[in-house]
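Here is how the chains run, residue by residue.
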Amino acid sequence: MDNTTFPNRLARAANEERMAEIILPHQTNGYGTMFGGDVMALMDKAAAIAALRFCRLPVVTASTERIDFRTPIGQGEIVEAFSRVIYVGRSSMVVRVHLFAEHPLIGDRRLCTTGYFSMVAINREGGPAPVVPQLLLLDDDARAEHAVGAEIHAAIAARRNSRTTGRS
């Protein structure tokens, strides 16, 4: 997306948002590790916060993309989610979320889960709101993540188009 597509659209860089919590017994399975659904819910909240703070409009989750569970998260560990809008379409945003776990007494940290969420800004009627700001890409890392976000956005669009045309 560029200024010629939406010439009057505001532009802003996306901040990295952070949220943390401690994993309690009710969030774990029989192995003492965090339920995958709870991991995804935490990541979804982190994605929503990043999208909300970026566009300052109500947002909903349209899809989850490429979630990779790398290592388990144990009971009593501190979990920290880092989320950032990496791609902006007309009313949608792709948000990258990294989830780290930390042993609270030792302080060792490890990347546990990564994922991408498609969030859509909505209007009062619940339809897409095409007023999301343009995303400024300030450095090489932002440009690299934007390329990943563009690939994910294209895959979502292709999947949506194949459903409407009846092709699989």
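It should be noted that the structure appears before, not after, this text.
Residues numbered from 1 in each chain as written. Predicted model: local features only at pLDDT ≥ 70, side-chain atom pairs only at ≥ 80, totals over all residues. Heavy atoms only, no water.

1. Some points on the pairing of strand 6 (residues 109-121)
The element strand 6 is largely enclosed, with a buried count of 10 among its 13 residues. Note that strand 3 (residues 59-69) and strand 6 share eight bridges and pair antiparallel. Residue Val59 lies in a different strand from strand 6, and its bridge partner there is Ala121. As consecutive antiparallel partners, strand 5 (residues 92-102) and strand 6 are separated by six residues, and within that stretch Gly107 has a phi angle of approximately 90°, a positive value. (Buried < 20%, exposed > 50% of the residue type's maximum accessible area, 1.4 Å probe, protein only. Helix = DSSP H or I, 4+ residues; strand = E, 2+ residues; numbered from the N terminus. Pairing = 2+ DSSP bridges.)

2. So, helix 1 (residues 36-55)
Between its first and last C-alpha atoms helix 1 spans 28 Å; for 20 residues at 1.5 Å apiece the expected length is 28 Å, and the two agree. Every buried residue of helix 1 is accounted for by Val39, Leu42, Met43, Ala46, Ala47, Ala48, Ala50, Ala51, Phe54 and Cys55. Directly beyond the C-terminal end of helix 1, a positive phi value near 55° is found at Arg56. (Expected span 1.5 Å × (residues − 1).)

3. Observations regarding the layout of surface pockets
It is a probe the size of a water molecule, rolled over the atoms, that shows where empty space is left. One number sums up the size of the largest pocket: a volume of about 220 Å³. Lining the largest pocket are 13 residues; nearest its centre among them are Ala62, Ser118, Val120, Ile156 and Arg160. Listing elements by their share of the lining of the largest pocket, those giving two or more residues are strand 3, strand 6 and helix 2 (140-165). Top element by residues in the lining of the largest pocket is helix 2. It accounts for five residues. Classifying every residue of the lining of the largest pocket by side-chain character gives four nonpolar, five polar and four charged. The calculated volume of the second largest pocket comes to roughly 180 Å³. Forming the boundary of the second largest pocket are 14 residues, of which Ala14, Arg84, Asp139, Ala142 and Glu145 lie nearest the centre. At the level of elements, strand 4 (78-88) and helix 2 are the ones that each hand at least two residues to the lining of the second largest pocket. Here the residues of the lining of the second largest pocket are counted per class, giving nine nonpolar, no polar and five charged. (1 Å grid on protein atoms, 1.4 Å probe; cavity = no way out; pocket = protein on both sides within 12 Å on 5 of 7 lines; lining within 4 Å. Points joined across faces, edges and corners; volume = space filled by probe spheres on them. Nonpolar A, V, L, I, M, F, W, Y, C, P; charged D, E, K, R; others polar.)

Nothing here speaks to function; it is geometry throughout.
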